[in-house]
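Coordinates in review
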Amino acid sequence: MNVSSPAAREFTVADFDFALPEALIAQHPASERSASRLLDGTRPQPVDRIFRELPGLLKSGDLLVFNDTQVVKARLFGEKASGGKFEILIERVLLPHEALDGSGQEVVAHIRVSKKPQPGGLLHLAGGLKGGGFDAVFIGRWPDQQGQLFRLRLQGPAGETPYELMARHGHVPLPPYITHSDDADDERRYQTVFARVPGAVAAPTAALHFDESVLTALEARGVQRANVTLHVGAGTFAPMKTERIEEHVMHHERYAIPPQTIQAIADCRARDGRVVAVGTTTVRTLESWARSGETQGDTNIFITPGFQFRVIDVLVTNFHLPKSTLMMLVSAFAGYEPVMALYHHAVEQGYRFFSYGDAMLLERSAQIK
């Protein structure tokens, strides 16, 4: 769903490129969550700060909206009956009504293997059911016969759900630009302190900077909190394969907004507070709801310059990949030229980029709301 309005100029994917030294791609998180850097882009000139200063930049009556999704250990390794090795990344656990047999044991996954198995083929994961792991039956492609993902039915010890099987046998699905294998520190730090609803294969990274001390300071300042849920998919890392932005096919992600969050937004508006989105996933969730009226479902909203924001006033976000859909989103929010200038400043000042990197604070550019 591309919901951009005509922009003042026509952009191509190349417009969102920038030179990024590889050394600035963070491989590990900061020593403390709130010790990461914060580039304040809400002033006439960029201001270099530390993330724990964020509460002082917000106002009493503002509403922070977090994504409370929980990253699952969705990366698994195994072998086919023939002995061939493979790797899967479980993109989502299908709800019982979405499964072909209504079992709740079906998942949709990416499969990395030299030769795809045939429907009905058995896959042995983490040693297979006989070796202390579990098995999976290959059903076919998803969402249709031309789909790029694959539907599997998991077969583990009686009563174990897909989430329990992943928790016991899986690995943290670190992004492709992080080169080390996952370890205990990743299990703790590639997860927000308020993660609640399992289902994401990538963290809502802007929220990784929040710790109890920052949350306490926000509460003391009178900043309110609310949650949405969007299960971040692997598509968030997928490169754009077309130079024409309008030809890009956006991935789908599952979201839900509780009634109390909708009420909190209404209350915020009534007291003239600002809605502060923590991360682009929160933006996509709330702006999807603003257009569809649906409080839960799938979204493939594609936000590019010219988009008219209806909910979000302020954004806390990490630094994104060059030529990515998320670069387009933040440019739509705060203005193309200001965002590109902030990115150049961040590179010059040695900010750390991507999932384990630093954050920035942006205000919505002037536009009709």
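The coordinates are above.
A few points on the structure. Here the structure is a predicted model, which is why all the values come from computation and not from measurement. What you see as residue numbers is a count from 1 along each chain, following the sequence as written. In keeping with the predicted nature of the model, local features appear solely for residues at pLDDT of at least 70, side-chain atom pairs appear and are counted solely at 80 or more, and the whole-chain, interface and lining totals rest on all residues. For side-chain calculations, the full set of non-hydrogen atoms in the structure is used, while hydrogens and water are omitted.

**Structural notes on the overall build of the chain**
For the purposes of this entry, the term helix denotes a DSSP run of H or I that reaches at least four residues, the term strand denotes a run of E that reaches at least two, and both are numbered from the N terminus. Along its length, the chain carries seven helices and 17 strands. All radius of gyration figures rest on C-alpha atoms, and the globule criterion is 2.2 Å times the number of residues raised to 0.38. Taking 21 Å as the expected radius of gyration for a compact globule of 369 residues, we find that the chain reaches 21 Å, a close match to that expectation. Projected onto the principal axes, the alpha-carbon positions of the chain cover approximately 60 × 45 × 45 Å. We call two residues contacting when some pair of their heavy atoms lies within 4.5 Å. Partitioning the intrachain contacts of the chain with sequence separation of at least 6 by distance along the chain shows that 72% fall at a separation of at least 24. Surface accessibility in these figures is a Shrake-Rupley result with a 1.4 Å probe; residues are shielded only by whichever protein chains are displayed. Of the accessible surface of the chain, which amounts to about 16,200 Å², a share of 51% is contributed by carbon and sulfur atoms. Charged residues are defined here as Lys and Arg on the positive side and Asp and Glu on the negative side; His and the ends of the chain fall outside this count. All charge positions are set by atom: Lys at NZ, Arg at CZ, Asp at CG, Glu at CD. For the chain, the distance from the average position of its 38 positive side-chain charges to the average position of its 42 negative side-chain charges is 2 Å.

**Side note on the pattern of salt bridges**
Every case where a carboxyl oxygen of Asp or Glu lies within 4 Å of a side-chain nitrogen of Lys or Arg is listed as a salt bridge. A full pass over the atoms with the stated rule returns 24 salt bridges. Of the charged contacts in the structure, one is a salt bridge between Arg269 and Asp313, with a shortest N-O distance of 2.7 Å. Residue Arg269 is found in helix α4 (residues 259–270), and its partner Asp313 is found in the loop between β15 (296–299) and β16 (314–318); the two are separated by 44 residues along the sequence. Whether a residue is buried, partly exposed or exposed follows from its accessible area with a 1.4 Å probe, protein chains only, as a fraction of its type maximum: under 20%, in between, or over 50%, in that order. By relative accessible area, which is 30% here, Arg269 ends up partly exposed. In the salt-bridge network here, residues are joined through shared partners; they are Asp40, Arg43, Arg49 and Glu53.

**A look at the sheet that holds strand β6 (residues 85–93)**
When DSSP finds at least two bridges between two strands, those strands are taken to pair. Taking strand neighbours around the barrel as the criterion, the six strands line up as β5-β6-β7-β10-β9-β8 in a closed arrangement whose pairing is antiparallel. The average angle at which neighbouring strand axes cross in this sheet is 45 degrees, direction not considered. As paired strands, strand β5 (residues 75–80) and strand β8 (residues 122–125) are joined by three bridges and run antiparallel to one another. Bridge assignment links Gly78 to a residue of β8, and that residue is Leu125. Each axis is a line fitted through C-alpha atoms, and for a helix only the stretch in contact is used; angles between axes span 0 to 180 degrees, taken between their N-to-C directions.

**Thoughts on unusual backbone geometry**
When glycine is set aside, most residues are seen to have a negative phi, and most peptide bonds are trans. Omega for the peptide link from Trp142 to Pro143 comes to 5 degrees, which places this bond in the cis form. By the secondary structure assignment, Pro143 is in the loop between β9 (134–142) and β10 (149–155). In this structure, Ala126 is a non-glycine residue whose phi angle is positive, near 55 degrees. Mapped onto the elements, Ala126 comes out in the loop between β8 and β9. Phi angles above zero are rare outside glycine, and Lys323 is one such case at about 60 degrees. Within the fold, Lys323 resides in the loop between β16 and α6 (325–334).

**Quick notes on the environment of Pro176**
Looking at the secondary structure, you find Pro176 in the loop between α1 (162–169) and α2 (184–189). When its relative accessible area of 65% is taken as the criterion, Pro176 is described as exposed. Distance in space between the C-alpha atoms of Pro176 and Phe237 is 7.9 Å, their sequence separation being 61 residues.

**Concerning the side chain of Thr69**
As for its placement among the helices and strands, Thr69 is situated in strand β4 (residues 69–71). Looking at Thr69, the relative accessible area reads 0%, which means it is buried. For Thr69, the side chain forms a polar contact with the side chain of His231, separated by 2.7 Å. When residues no more than four places from it in sequence are discounted, the contact partners of Thr69 are Gln191, Thr192, Ala195, Arg196, Val197, Gly199, Ala200, Pro204, Thr229, Leu230, His231 and Val232. As used in this structure description, the phrase polar contact means that two N or O atoms lie within 3.5 Å; if the pair is within protein, one of them must be able to donate a hydrogen and the other to accept it, and residues adjacent in sequence are counted only when both atoms belong to side chains.

**Concerning the environment of Asp144**
Within the element layout of this structure, Asp144 appears in the loop between β9 and β10. Since its relative accessible area comes to 40%, Asp144 is described here as partly exposed. Of the polar contacts made by the side chain of Asp144, one reaches the backbone nitrogen of Gln146; its length is 2.9 Å.

**Observations regarding helix α3 (residues 212–221)**
Residues of α3 that are buried: Val214, Leu215 and Leu218. Buried residues in α3, looked at end-on, bunch into an arc of 100 degrees, giving them a common side. With respect to the buried face of α3, the exposed residues turned more than 90 degrees away are Thr216, Glu219 and Ala220. In this structure, the buried side of α3 is in contact with β3 (63–67) and β12 (224–230). Note on α3: the residue one or two positions beyond its end, Gly222, has a positive phi of about 90 degrees. An arc is given here, and it is the one of the directions from the helix axis to the C-beta atoms.

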